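So the chains spell out like this:
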Amino acid sequence: MTKVNENTTAAKSDSRKTEINKALVFFDKAGVWILVVCLMAIGFIINPSDYFSVGNIRSILQAISLTGMCCAGLAYIVYSSNMNDMSLPMTIAISGMVSIQLVPFGIVVCIFGGLLTGTLVGIINGFMIGKLRANPIIWTLAFNMVLSGIARVAWGGSQIYPDVVAGGNEAALATAETFNQLARTYFFGGSVSLMMVVMVVMFIISYFIMTHTKFGNQLKIVGTNYETARLSGLNVVRIITLSYIICSFCASVCGLFYASMRKIGSYDNGMGYDFSCLTAVLLGGMTLLGGKGSMVGVFGGVLAVGMLNNVMTLIGISTFNQYLVTGIVFLLIVWLNTKSARKLGRA
Amino acid sequence: MEKKIALQMKNVSKRFPGTLAVDGVDFEVREGEVHALMGENGAGKSTLMKILAGLFNDYTGEIYIDGNLCRLHTPMLAKEHGVGMIYQELSVARRISIVENLLVGRLPKKNGLFYDKKEAIRQAKELLERVGLGYLDPNKPISEISQCEAQLVEIAKVLGTNPKIIVMDEPTSALSSEEVQRLFKIIRNLKEQNLAIVYISHHLAEIFEIADTITVMRDGKKIKTYPVSETTNEQLIHDMVGKSVKEFYADRESHIGETMMEVKDFTRWGFFHHVSFELHRGEVLAICGLAGAGRTEIARSIIGVDPLDAGTIVKDGREGTYKDMTMAIKNGIGYLTEDRKVMGLALTQSVADNILVSIIDKLSRGGLYNPKNHGKIVEEKIEELEIYPPQPNRLVNALSGGNQQKVLMAKWLATDADVLILDEPTRGVDIGAKQTIHKAVLEYAKRGNGVILLSSDLPEVVGLADRAIILREGYITGEISGEEITESSLLMAANGEGKHVS
Ligand SMILES: Nc1ncnc2c1ncn2[C@@H]1O[C@H](COP(=O)(O)OP(=O)(O)OP(=O)(O)O)[C@@H](O)[C@H]1O
Ligand SMILES: [Mg+2]
């Protein structure tokens with residue numbers, strides 16, 4: 001009799017454990033969106049009167065559009081298990097500076113010049129890391145330094161302004177004005193900005209690339225296991241190079257809007273983006289091991305970081321303390337990441 | 001006198017989402033006994049042993065070690081209770097040195113602070129002695145020693161924790177027959193030291209040689225336990241599979257056609273020299289030799305991932321070499337790697353992704369590709385190779401070892417390569433699955449394709465090969481064909497004896 005009893009209790013506790021596992025799986029999938037909802041709730045509690053006002057929502061979205069653009073590209077690097085692109089800040093800065101420098105040649109040249117600069121950075125990164133197998137962190141970190149050196153030499157260490165570059169030329173001044181308006185273009189009576197639209201479009205395209213193209217599906221295998229990918233006949237060099245090109249291209253789009261928003265081309269445009277973007281991407285469910293996560297998750301991650309900052313501002317935490325909080329969030333995420341990595345390595 | 005019971009598991013169960021992998025198993029091992037754990041792929045052997053090694057904190061049931069109830073909820077706890085585990089998939093970290101690997105987590109300290117290198121080397125040497133590897137330099141990185149040595153290093157590492165119970169999960173799947181003998185000597189030695197040993201293997205011959213007691217599992221349940229002396233081959237297979245398996249190798253009727261590929265004067269200095277052979281349509285050509293004879297090296301040079309000093313490949317009217325795997329596949333050559341975990345599969349992706357990986361290029365239209373549109377190919381392969389459970393979306397690392405191997409095979413059968421190089425294609429698969437894979441290989445050859453088989457499993461070579469070339473220390477020393485391929489002729493030739501050696 002007792003034996004039977006024992007058995008049923010054993011069976012019970014067993015099934016309970018399974019359910020916990022299911023909950024874990026759910027949390028794994030929806031994790032960041034749960035966080036988004038929580039932050040939303042907190043924000044609403046703190047500021048019930050106008051948390052959901054058009055103004056606040058717009059300011060959240062506005063604040064995340066720049067990081068969002070970068071993340072839509074950085075996601076490829078993380079996904080390919082190359083961890084992070086440390087040259088993001090200078091890619092952002094230098095593409096903004098180049099495009100401002102090109103203001104006298106008209107808006108088209110100016111925009112394309114900026115994007116081309118970023119893409120070039122991506123090609124070099126891709127060649128070094130994809131083809132020559134340089135260490136991705138060390139190389140991009142060093143390249144970031146080199147780029148900042150080049151920029152300092154080229155512009156004599158000073159910042160540049162669109163209208164100053166334009167000089168007295170009427171047409172150039174008009175171009176400078178158009179450039180400055182890039183970050184200030186709104187649709188629907190000021191509720192949606194061009195920046196938001198560009199960011200969302202970038203995410204949609206990235207989502208499509210990741211799931212519906214040859215490149216995206218091959219990148220998944222490269223990110224999961226490089227050797228396997230190579231021995232399955234995938235062109236790993238091309239795939240990794242391409243992911244760096246996309247990443248830097250996205251960073252240069254961000255760089256254009258950044259420069260336009262500040263009306264300045266400067267070295268510190270994009271400072272700190274290397275880590276803040278990585279935080280968002282990891283928060284969105286991608287892992288440093290690569291091959292995991294999705295663009296939908298990354299979008300959630302970007303949103304969560306933006307809302308966290310918004311909530312902190314609402315509470316009245318000073319900017320410096322905000323850095324501290326984001327830093328701690330970053331450490332926490334990396335810790336969680338390595339922990340799950342260790343589990344994967346063993347079991 | 002009955003020996004003391006070292007380990008007793010009572011009514012142990014472990015559930016994964018969707019699978020009851022171990023279902024109320026009672027299992028006992030005595031001191032100084034080699035206890036074989038047998039069963040088909042996915043029977044739950046590895047899972048049962050992982051419970052013992054403390055990998056799961058959500059098992060149910062009771063585990064007694066030396067009569068004391070233990071809760072083995074973390075690997076640390078299991079180690080403290082004297083459980084040493086040698087995993088099915090080698091867990092030897094690749095790039096670090098042997099000594100660091102052996103003493104990981106317990107490197108000796110000087111003055112309570114500094115790493116004592118001398119002492120570490122001494123301890124490492126001592127452990128290596130115990131497994132007959134005294135000649136190895138402990139400072140060498142693991143990646144530079146052979147798989148067999150790595151396996152023995154792994155055993156040495158476990159011995160270093162002074163275990164009472166040692167679990168070996170398919171330790172011989174990567175070893176050649178004389179290496180197996182080497183391992184057995186060590187096992188007998190451990191047995192004399194009164195250690196309890198759990199031994200998992202799919203090789204019946206090994207079991208009858210080394211084991212004292214056998215426990216058979218099927219579908220997560222324990223079926224039977226009996227002393228080795230009280231059972232026979234047929235009985236054992238019957239208990240594992242649940243029905244009798246008769247014919248082991250399908251009758252082979254081969255249709256050998258014209259030459260389809262020719263390897264000419266292949267040389268990589270220090271690895272293999274002046275290797276030339278031809279492969280015909282419909283032929284299974286085995287390259288045989290002792291471990292270290294250079295088989296895998298030749299394969300890796302053919303597909304262009306390892307360097308080559310001289311030689312060319314003639315195939316489809318083109319003479320040359322391939323610069324990488326992409327090019328090899330374009331020229332119709334596939335290579336099933338011997339190590340499925342490190343370079344064969346993307347373990348954390350789904351079965352479907354893994355099966356399709358090599359044909360993404362071919363299936364894509366103008367750069368667009370959606371795996372969801374190709375479910376039919378995946379389902380076909382799952383069915384052909386009887387991958388269990390048959391779920392395309394299951395992650396590969398949630399499959400049992402043997403089923404992972406089937407996924408690897410499925411991936412290469414899905415490509416339309418007309419030459420497949422199979423490096424240990426049935427590593428770690430059970431009898432039934434082996435037949436499935438063999439059937440698939442023969443079917444593939446019958447369609448007019450060529451197979452180059454590199455296998456240490458002699459019965460497999462005898463059963464499949466139309467022709468075998470013998471490789472010894474990097475040189476081709478002989479060739480055996482047709483009916484003359486037998487286990488003894490292969491063994492003799494591999495050791496440089498007999499009439500087939502030129
Ligand atoms: N992490 C996991 N998640 C879900 N199911 C799993 C997981 N690991 C194993 N399983 C399932 O548990 C069952 C038992 O697997 P186990 O690895 O113990 O088999 P095995 O007897 O060792 O087989 P093999 O001889 O092929 O190694 C299988 O059906 C397998 O699919
Ligand atoms: Mg197993």
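Residues numbered from 1 in each chain as written. Chains lettered and ligands numbered in written order. Predicted model: local features only at pLDDT ≥ 70, side-chain atom pairs only at ≥ 80, totals over all residues. Heavy atoms only, no water.

Student: Now, about the overall build of chain B: what can you tell me, with residues and values included?
Tutor: Scanning chain B from terminus to terminus reveals 18 helices and 22 strands. For 502 residues, the compact-globule estimate of 2.2 N^0.38 gives 23 Å, and chain B sits close to it at 23 Å. By its C-alpha atoms, chain B is 70 × 50 × 50 Å across when sized along the principal axes. Here chain B holds 502 residues, and 57% of them are scored as buried. Carbon and sulfur atoms form 49% of the exposed surface of chain B, whose accessible area is close to 21000 Å². If you average the places of the 61 positive and of the 71 negative side-chain charges in chain B, the two averages end up 5 Å apart. (Helix = DSSP H or I, 4+ residues; strand = E, 2+ residues; numbered from the N terminus. Rg over C-alpha atoms; globule rule 2.2 N^0.38 Å. Buried < 20%, exposed > 50% of the residue type's maximum accessible area, 1.4 Å probe, protein only. Areas by Shrake-Rupley, 256 points an atom, 1.4 Å probe, with all protein chains shown as cover. Lys, Arg positive; Asp, Glu negative; His and termini not counted. Charge placed at Lys NZ, Arg CZ, Asp CG, Glu CD.)

Student: Lay out the environment of Leu7 of chain B in plain terms, naming residues and giving numbers.
Tutor: Residue and element names in this part refer to chain B. Examined against the element boundaries, Leu7 turns out to sit in strand S1 (residues 5–16). Here Leu7 falls in the buried class, since its relative accessible area comes to 0%. Look past the residues within four positions of Leu7 in its chain and what remains in contact with it is Phe27, Glu28, Val29, Leu52, Ile63, Tyr64, Ile65 and Ile165. (Contact = heavy atoms within 4.5 Å.)

Student: If you had to explain the side chain of Thr287 of chain A to someone new, which residues and values would you point to?
Tutor: Inspection of the secondary structure assignment puts Thr287 of chain A in the loop between helix H12 (273–283) and helix H13 (295–315). Once you skip the residues sitting within four places of it in the chain, Thr287 of chain A turns out to touch Val78, Leu282, Lys292 and Asn337 of chain A.

Student: Give me the lowdown on the state of the cysteines, citing residues and values where you can.
Tutor: Covalent bonding between the sulfur atoms of two cysteines defines a disulfide. Residues and elements named next belong to chain A. Summed over the entire model, instances satisfying the criterion amount to zero disulfides over all chains. Summary of cysteine pairing: Cys70 is not part of a disulfide, and the nearest cysteine sulfur, belonging to Cys254, is at 3.9 Å. For Cys70, a relative accessible area of 0% corresponds to the buried category. The exposure class of Cys254 is buried, given its relative accessible area of 0%. (Disulfide = S-S within 2.5 Å.)

Student: Before we move on, can you summarise the pattern of salt bridges with the specific residues and values?
Tutor: All names here are of chain B. On inspection of all chains with the given rule, the structure shows 26 salt bridges over all chains. Across the pair Lys315 and Asp418 runs a salt bridge whose closest N-O atoms are separated by 2.8 Å. Here Asp418 lies in the loop between helix H15 (401–414) and strand S19 (419–423) and Lys315 lies in strand S16 (residues 310–315), a separation of 103 residues in the sequence. Judged by its relative accessible area of 2%, Lys315 is buried. Residue Asp418 is classed as buried on the basis of its relative accessible area of 15%. (Salt bridge = Lys/Arg side-chain N within 4 Å of Asp/Glu carboxyl O.)

Student: Any chance you could break down the site of ligand 1 for me, citing the residues and the numbers?
Tutor: Residue and element names in this part refer to chain B. Neighbouring ligand 1 are 21 residues, the closest being Asn41, Gly42, Ser46, Thr47 and Gly402. Here an oxygen atom of ligand 1 sits 2.9 Å away from a polar atom, N or O, in the side chain of His202. A distance of 3.4 Å separates an oxygen atom of ligand 1 from a polar atom in the backbone of Gly401. In isolation ligand 1 has 640 Å² of accessible area, and contact with the protein removes 89% of it. Taken together, the elements giving at least two residues each to the shell around ligand 1 come down to strand S2 (19–30), helix H1 (45–52) and H15. Here the element with the most residues in the shell around ligand 1 is H1; it accounts for three residues. (Near = heavy atom within 4 Å. Polar contact = N/O pair within 3.5 Å; in protein donor to acceptor, adjacent residues only side chain to side chain.)

Student: So what about the domain arrangement of chain B? Which residues, and what values?
Tutor: Residue and element names in this part refer to chain B. Entries for chain B in the domain assignment read domain 1 (5–241) and domain 2 (259–494). Each of domain 1 and domain 2 was reduced to a C-alpha centroid, and the two centroids are 30 Å apart. The interface of domain 1 with domain 2 comprises 22 residues on the first partner and 23 residues on the second. Summed over both sides, the interface of domain 1 with domain 2 buries roughly 1600 Å², with 48% coming from carbon and sulfur. Linking domain 1 with domain 2 are four residue pairs in polar contact (both at pLDDT 80 or more). Secondary-structure elements contributing two or more residues to the side of domain 1 that touches domain 2 are helix H6 (177–192) and helix H8 (233–241). The element that contributes the greatest number of residues to the side of domain 1 that touches domain 2 is H6, accounting for three residues. Of the residues that constitute the side of domain 1 that touches domain 2, the class distribution is five nonpolar, eleven polar and six charged. (Domains from an automatic or database assignment. Buried area = accessible area lost by both parts, 1.4 Å probe. Nonpolar A, V, L, I, M, F, W, Y, C, P; charged D, E, K, R; others polar.)

Student: Summarise the side chain of Arg295 of chain B; cite the residues concerned and give the values.
Tutor: All names here are of chain B. Secondary-structure assignment places Arg295 in helix H9 (residues 295–302). Put simply, Arg295 is tucked away with no salt bridge, and the nearest opposite charge, on Glu424, sits 4.2 Å away. Here the side chain of Arg295 touches Ser455 through a polar contact of 3.2 Å, landing on its backbone oxygen. A distance of 3.5 Å separates the side chain of Arg295 from the side chain of Ser456, its partner in a polar contact.

Student: Quick one: what's the story with the packing of helix H8 (residues 194–212) of chain A against helix H11 (residues 236–262) of chain A, residue by residue and with numbers?
Tutor: Residues and elements named next belong to chain A. Contact geometry of H8 with H11 gives a least axis separation of 12 Å together with a crossing angle of 175 degrees. Considering their axes alone, H8 and H11 lie roughly antiparallel with respect to each other. Seen from H8, the contacting residues are Leu194, Met195, Val198 and Met202; seen from H11, they are Cys250, Val253, Phe257 and Met261. When grouped by side-chain class, the residues that make up the contact of H8 with H11 number eight nonpolar, no polar and no charged. (Axes fitted to C-alpha atoms, helices over the stretch in contact; angles between N-to-C directions. Parallel < 35°, antiparallel > 145°, perpendicular 65-115°, else oblique.)

Student: Provide a residue-level description of a nonpolar patch on the surface, including the pertinent values.
Tutor: Residue and element names in this part refer to chain A. A grouping of Phe187, Phe188, Val197, Val201 and Ile205 is seen on the molecular surface, where their side chains present a nonpolar patch of about 460 Å² in accessible area. Per-element accounting of the nonpolar patch gives the leading share, three residues, to H8. Of note, Ile205 is situated in helix H8. You can call Ile205 partly exposed: its relative accessible area is 45%. (Patch = residues over 30% accessible without salt bridge, like charges linked within 9 Å, V, L, I, M, F, W, Y side chains within 5 Å.)

Student: Give a description of the interface of chain A and chain B that names residues and reports values.
Tutor: Facing the 32 residues of chain A at the interface are 40 residues of chain B. Between chain A and chain B lies a buried interface of about 3100 Å² when both sides are counted; carbon and sulfur atoms form 54% of it. Between chain A and chain B we count two salt bridges in total. With a shortest N-O distance of 2.9 Å, Lys220 of chain A and Asp353 of chain B are connected by a salt bridge. Remark: the boundary between chain A and chain B carries 16 residue pairs in polar contact (both at pLDDT 80 or more). Of all the secondary structure elements, the ones that give two or more residues to the side of chain A that touches chain B are helix H1 (2–46), H8, helix H9 (214–224), helix H10 (226–231) and helix H14 (319–346) of chain A. Among the elements that line the side of chain A that touches chain B, the one with the most residues is H1 of chain A, at seven residues. Looking at the side of chain A that touches chain B residue by residue, the classes come out as seven nonpolar, 17 polar and eight charged.

Student: Can you break down helix H2 (residues 54–79) of chain A residue by residue, with the values?
Tutor: In H2 of chain A, a bend of some 40 degrees at Ser65 of chain A exceeds every other bend along the element. A large share of H2 of chain A lies buried, amounting to 19 of its 26 residues. (Bend = angle between axes of the 7 residues up to and from the residue.)

Student: Got a sec to walk through the sheet that holds strand S10 (residues 196–200) of chain B? Specific residues and values, please.
Tutor: Residue and element names in this part refer to chain B. As summarised here, the arrangement of the six strands in space is S6-S9-S10-S3-S11-S12, forming an open sheet in which the pairing is mixed. Each edge of the open sheet is held by one strand with a lone partner, namely strand S6 (83–86) and strand S12 (221–227). Neighbour-to-neighbour, the strand axes of this sheet turn through a mean angle of 20 degrees, independent of strand direction. Where strand S9 (residues 165–169) meets S10, five bridges bridge the pair, whose relative direction is parallel. Looking at the pairing, Ile166 lines up with Ile197 of S10. Packing of H6 onto the sheet brings it into contact with strand S3 (34–39), S9 and S10, and relative to S10 it is tilted by some 150 degrees. Relative to strand S11 (residues 213–218), H8 is tilted by about 30 degrees, and along the sheet it contacts S3, S11 and S12. (Pairing = 2+ DSSP bridges.)

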